[in-house]
Amino acid sequence: EARSEAQALARILERMPWRRREILIMVRWEGMAQKEVARQLGISLRTVEHELKRAHDFCAARLEEKN
């Protein structure tokens, strides 16, 4: 069951725009600070915060559809 959930999440991530997916991975999986992500990607902290929220909302909506 955990494997199918991981595969479902991978499919969801593939549907995200590149930058949004990258921000989500850097913050949530790699544990980077949002300020550092902004610096590395050359974008504002506000953009990181906005994209991270949109990524969470997107994942939640897709997982909700699955259930």
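These figures come from a predicted structure and were not determined experimentally. (Residues numbered from 1 in each chain as written. Predicted model: local features only at pLDDT ≥ 70, side-chain atom pairs only at ≥ 80, totals over all residues. Heavy atoms only, no water.)

### Describing the pattern of salt bridges
Counted by the stated rule, this structure contains 4 salt bridges. The residue E36 makes a salt bridge to R39 at a minimum N-O spacing of 2.6 Å. Separated by 3 residues within a single helix, E36 and R39 lie in helix 3 (residues 34–41), roughly one turn from each other. A salt bridge links K53 to D57; the nearest nitrogen and oxygen atoms lie 2.8 Å apart. With K53 and D57 both in helix 4 (residues 45–66), this residue pair falls 4 residues apart, about one helical turn. (Salt bridge = Lys/Arg side-chain N within 4 Å of Asp/Glu carboxyl O. Helix = DSSP H or I, 4+ residues; strand = E, 2+ residues; numbered from the N terminus.)

### Structural notes on the packing of aromatic side chains
As enumerated under the stated definition, the model contains 0 aromatic pairs in all. A cation sits over an aromatic face here: R62 above F58, 4.5 Å from the ring centre. (Phe/Tyr/Trp six-rings, centres within 6.5 Å; stacked < 30°, edge-to-face > 60°. Lys NZ or Arg CZ within 6 Å of the ring centre and 35° of its normal.)

### Some words on the packing of helix 2 (residues 18–29) against helix 3
For any two helices packed against each other, one specifies the inter-axial angle together with the distance between the axes. In the contact formed by helix 2 and helix 3, the axes pass within 10 Å of each other and the chain directions differ by 140 degrees. Classified by the interaxial angle, the pair formed by helix 2 and helix 3 is oblique. Viewed along their axes, helix 2 and helix 3 form a crossing whose handedness is right-handed. Along its contact with helix 2, which presents W18, I23, M26 and V27, the element helix 3 presents Q34, V37, Q40 and L41. (Axes fitted to C-alpha atoms, helices over the stretch in contact; angles between N-to-C directions. Parallel < 35°, antiparallel > 145°, perpendicular 65-115°, else oblique. Left-handed = near helix turned anticlockwise from the far one by under 90°. Contact = heavy atoms within 4.5 Å.)

### Some thoughts on the nonpolar core
Residues M16, I23, L24, V37 and V48 are the most contacted members of the largest nonpolar core, which totals 16 residues. Elements that contribute at least two residues to this core include exactly helix 1 (2–14), helix 2, helix 3 and helix 4. Examining the composition of this core, we find that 5 residues originate from one element, helix 4, more than from any other. Among residues more than four places away in sequence, those in contact with V37 are I23, M26, V27, M32 and V48. (Core = buried A, V, L, I, M, F, W, Y, C linked by side-chain atoms within 4.5 Å. Buried < 20%, exposed > 50% of the residue type's maximum accessible area, 1.4 Å probe, protein only.)

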